[in-house]
Amino acid sequence: MPFDANTSRAKIFEALGAVSFPVYLAIILAVAVGFNDQFTDLVSASNSNVKRLILYGVSVGYFNLMIWWSCRTTLDFCSYYQTSQSVKMAPPDWKNKPKEAAVAFIDRHIPFLRIKKPDTSDTKKIRANYFGGVIGEWLPRVVPALFFLIIAIRAWFNHANGVAWTTVVVGVVMMLFLWKRTKLQDNVTKAKEEKEQNPEAWKRWEPMEKWTLLLRWRVFFALLLVIPSLFAIFTPLAFSRSLGGLAVVFFGLGGLVLGATWFVNILVIPAWNLLVCLLVKITDLLHDYFKQEDKNKTSAKRWLRKSIVFFHVTPPYPVAFSLIAVASILAWVGDTDNHAYRTLEPTSNSQSNSRQFDNVEQAFEAFTRNPHLQTYPVDGGKPVKEMVPVYFVLSQGGGLRASYWTNAVLHRIEEIIPGFSNNIFMMSGASGGTLGNVSYLGSLTTLKPENAEDNNVRYDKFKYMHQQDHLSAAVTSLLYNDMLYRFLQFSVLEEDRAYNLERSLSKAFASAYAKPVDTVFEKGYQQFYLEKAAHNEWYPIVLTPTTIQELGLLAMVAPFHFSSEEYPLVLDLQKLQAYHSHYEKCKPDSELECADFQAEPDDKTWQELPCLFDGAVGNCLRDIPMVTAAINSARFPYVTPKGTLYKEAQWNRKLHTADAGYLDNYGAITIQHTLEILADKFKPHTMDQNRRYFPVLLILTNTPQKPSGPQKPSGQQKPSGQQKPSGQQKPSGQQKPSGQQKPSGQQKPSGQQKPSGQQKEGCDKEAKQSTVNDFDTPSTYLVPAGHNSIALNEILGPAQAFISLRPGLADKRMADLLDYLKTTFLDCNAQTKNPDDSSAIERIIEKGYLRFQYKQPKGAKGQKDPPLGWFLSPDAQRLLDNAACEAVTGQAELKLLYQGNDEFCQARH
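All figures in this text were calculated on a predicted structure; none of them were measured in a lab.

Looking now at unusual backbone geometry. Generally, phi is negative for residues other than glycine and the peptide bonds are trans, each holding for most cases. Following proline 315, the chain continues to proline 316 via a peptide bond in cis, the omega torsion being 0 degrees. For proline 316, the position within the fold is in the loop between helix H14 (295–309) and helix H15 (319–333). The phi dihedral of leucine 569 falls on the positive side, at around 65 degrees, and the residue is not glycine. Relative to the elements of secondary structure, leucine 569 occurs in the loop between strand E6 (553–556) and strand E7 (570–572).

This is the structure we're talking about:
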């Protein structure tokens, strides 16, 4: 059966194909707002706030107005083009009437300009033969109606009744407006045509003509597009803070869909078609040459002309493909990289090359001299008088949820054990966990941790900091600065979404703690620790791991010097950035000597760099703002861009920082290397006989726990003879997993292997079996990840695969760390044989780690778990507060040390 282009079904697909970009964007956004955890959390936050509800209503109306106008403009253009092609027009006379020919050409091929308006008969024909028929007439109105319906239904089912009713009201108002607009235009047109016969009717409708013209005037919609865009570009934080998350998304995407439609239809495709027409004209000018020749050459000319005309694009134009193509070409031919991470300019007194400590052993010696260390006396003739727990904090990644969880748990522990933070030696993590470590470090600089009342104040202040909407700053910069910079490389657009996220976090910290922005977050990482050392103050070492995407290795910033032998497969980010920029600046005619680039250059290569160790203004090693070091660890795909180490490098030679969770979502690798280096400090025969130090891991897991089947009781021993499942055996010699082998020439010297005497004499390592922990059981890897999309799975699959991979990889790293902790320290350093005779601190030391897992508190069923993103609603924060209280007070060992207020948890709410 032959295809009939005039059937209703054909018209539907014809119209949908023309407006596919705005229609599909509206559908994707409706699904995201209704089903995505971060969006539903934004809806929840807007539901009970009158100001946010009003802004939501205005923004969702704006978005749908832009969707309607984009669809209507595209279909009008297609209809005009289709009609102009069907009307017989005389060919343009370029030779005798070039001006008229140019006008006719523009009217025919670039109808948006419409230099010469079509006559009445053409206009009527356009409306009588509208593109897509009746479907084309109604589709621009149907899309907003469906959008309102989906959002209202999902908001209702998510118990956001305020948002649901606001959506319904705005939707009804807009639908009435669109319906009345058509009626109004028809009445005004009819009255104008009959004004001579019925002047009284025309006087009544004449004032409405200005409004009908305004709604059809493109400049009006251009102002609606430009004004919010300028506000967002020049004041991104004010724009995002004043509107809120949902409003920012709707305003940004609304402007994007209309701007993209105009950009492609008015500029990109017409420019392309002009190029094609120019090539055709050049071919036609050769006609005199070809017509005097044989038929074969004439046929060749015709073939060439048809081949060129084949590339002429006719409406409807492919908007999304055209945008991607133009952005790709601009990226290929020009420098469109505005994602270089921030470094601080060296000054005359810069200490960028200085570190507080020469190595991690020196850092530990400084830690032991801290006069505020908490010590615990030992009774009963033990070989030492007091024990000192040395806490290592490992914070799992997870956006603002991870940062909030880290602070909530650590402040809760501080309430139970006042002064506990003085015994934190090192903190590591990934993504939002690193940010949580940095914000907790900042809180320690404001009030003394030994004071319980101060801890309560610090808790409230950290909550205030995390109550801010940091997502909007990133989204605003993504939809405006970062998108536009691909096409318009203005300096005002160079502040990307990572930078604006950093500014949002820094200002939130300064506002919460009433401190200048450069107190912690904006201060140089090395400068912070050097200043504290100058005042003989100890603060926990916060490591900030990140992934170097092209090398597949971790890099970090630390307040001590370290080498690849001490921290295998972990690079010094400051040195890597300096060496990479030096290498890229090397030219054949320069004074710099260029060696083959290595991820970790040897000592000789470092010494030959002329600007690294002279201590002068030209020092290559640049300090990094503390917040930038944290965000380098939290460069999650789509949300924050990869950070460029050296912007001026060639594209195929650039190095980028990515989310630390690519390789290690807890920071377990860096902590394990630290324990390996400090192993002698914790061995019984080398310790001070009056004081003994023991490592204790504090593992902060914010991923919602998803139980699968019966859980094994805590502390259950693995049956005798049960071997660790295949695939989870710890490689001999503490080898790293496959795919992360140390590059050639960087093998750890044999002298750096763990000494055989590290175990206490008589401790039979082979005879002992590792206890079951939360990370080494096969069921850990069989639990569904919970990051699966009902719709758009093919599009979102890669991101979902990455999110699902992180927990399993992180658990493997953590299992290796716990196995190392047990076999190296715990089995041989146990203080008692009978747990019932142990004190609380001895139980903690003998266990070796405490895990604080987020579990939805009792009575919170039906509430959604906090999302992985950069915004938390009040409901999500309450869940985290309650869960943190239960996680900390649920630790039996901590209960025995409890010295705080029994009503702490209740006082939080």
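Next comes the rest of the account.
Any two side chains of opposite charge can pair, so long as their charged atoms come close to each other. In the structure shown here, the tally under the stated rule is 14 salt bridges. Between glutamate 14 and lysine 11 there is a salt bridge; the shortest N-O distance is 3.8 Å. Here lysine 11 and glutamate 14 lie together in helix H1 (residues 8–18), a separation of 3 residues that amounts to about one turn. One salt bridge in this structure joins lysine 654 and aspartate 337, with 2.8 Å as the shortest N-O distance. Separated by 317 residues along the polypeptide, lysine 654 in the loop between strand E8 (643–644) and strand E9 (656–658) and aspartate 337 in the loop between H15 and helix H16 (360–368) bring together distant segments of the chain. Each member of the pair, lysine 654 as well as aspartate 337, carries the same accessibility label: buried. Overlapping salt bridges bring together Arg342, Glu502 and Glu522 as one network.

A separate point is the packing of aromatic side chains. Evaluation of the coordinates by the stated rule reveals 36 aromatic pairs. Taken together, a centroid distance of 6.3 Å and an interplanar angle of 45 degrees make the contact between phenylalanine 357 and tryptophan 538 tilted. Of this pair, phenylalanine 357 sits in the loop between H15 and H16 while tryptophan 538 sits in the loop between helix H22 (525–534) and strand E4 (541–542), and the two are 181 residues apart along the sequence. Here phenylalanine 357 falls in the buried class, since its relative accessible area comes to 5%. Judged by its relative accessible area of 13%, tryptophan 538 is buried. On the numbers, 5.1 Å between centres and 90 degrees between planes, the contact of phenylalanine 528 with tyrosine 529 is edge-to-face.

Here we come to the side chain of asparagine 265. For asparagine 265, the position within the fold is in helix H12 (residues 245–285). Engagement of the side chain of asparagine 265 in a polar contact is seen with the backbone oxygen of threonine 261, the distance being 2.7 Å.

Counting buried residues in strand E3 (residues 424–429) gives 6 out of 6 residues, a clear majority hidden from the surface. Here strand E2 (residues 386–395) pairs with E3 via 5 bridges, running parallel. Looking at E3, one finds that phenylalanine 392 is bridged to methionine 426. Across 2 bridges, the pairing between E3 and E4 is parallel. Within the sheet, the bridge partner assigned to methionine 427 lies in E4 and is valine 542.

A separate point is the packing of H12 against helix H20 (residues 471–485). At a minimum axis separation of 9 Å, H12 and H20 run at an interaxial angle of 5 degrees. It follows from the interaxial angle that H12 and H20 lie roughly parallel. Listed contacts from H20 to Gly245, Val248, Val249, Phe251, Gly252 and Leu253 of H12 are Ser472, Val475, Thr476, Leu479 and Tyr480. Class assignment for the residues of the contact of H12 with H20 results in 7 nonpolar, 4 polar and no charged.

What follows concerns the nonpolar core. Counting residues in hydrophobic clusters, the biggest one holds 152 residues, and the most contacted among them are Leu29, Phe147, Phe250, Trp405, Phe420, Phe521 and Phe852. Tallying contributions element by element places helix H4 (residues 50–86) first for this core, with 15 residues. Once you skip the residues sitting within four places of it in the chain, phenylalanine 852 turns out to touch Trp405, Val409, Ile413, Leu698, Ile699, Leu700, Thr701, Ala887, Val888, Gln891 and Leu894. One finds Val360, Ile541, Phe562 and Tyr567 within the second-largest nonpolar core, a separate group that totals 45 residues.

Rules used in this analysis
- Residues numbered from 1 in each chain as written.
- Predicted model: local features only at pLDDT ≥ 70, side-chain atom pairs only at ≥ 80, totals over all residues.
- Heavy atoms only, no water.
- Helix = DSSP H or I, 4+ residues; strand = E, 2+ residues; numbered from the N terminus.
- Salt bridge = Lys/Arg side-chain N within 4 Å of Asp/Glu carboxyl O.
- Buried < 20%, exposed > 50% of the residue type's maximum accessible area, 1.4 Å probe, protein only.
- Phe/Tyr/Trp six-rings, centres within 6.5 Å; stacked < 30°, edge-to-face > 60°.
- Polar contact = N/O pair within 3.5 Å; in protein donor to acceptor, adjacent residues only side chain to side chain.
- Pairing = 2+ DSSP bridges.
- Axes fitted to C-alpha atoms, helices over the stretch in contact; angles between N-to-C directions.
- Parallel < 35°, antiparallel > 145°, perpendicular 65-115°, else oblique.
- Contact = heavy atoms within 4.5 Å.
- Nonpolar A, V, L, I, M, F, W, Y, C, P; charged D, E, K, R; others polar.
- Core = buried A, V, L, I, M, F, W, Y, C linked by side-chain atoms within 4.5 Å.

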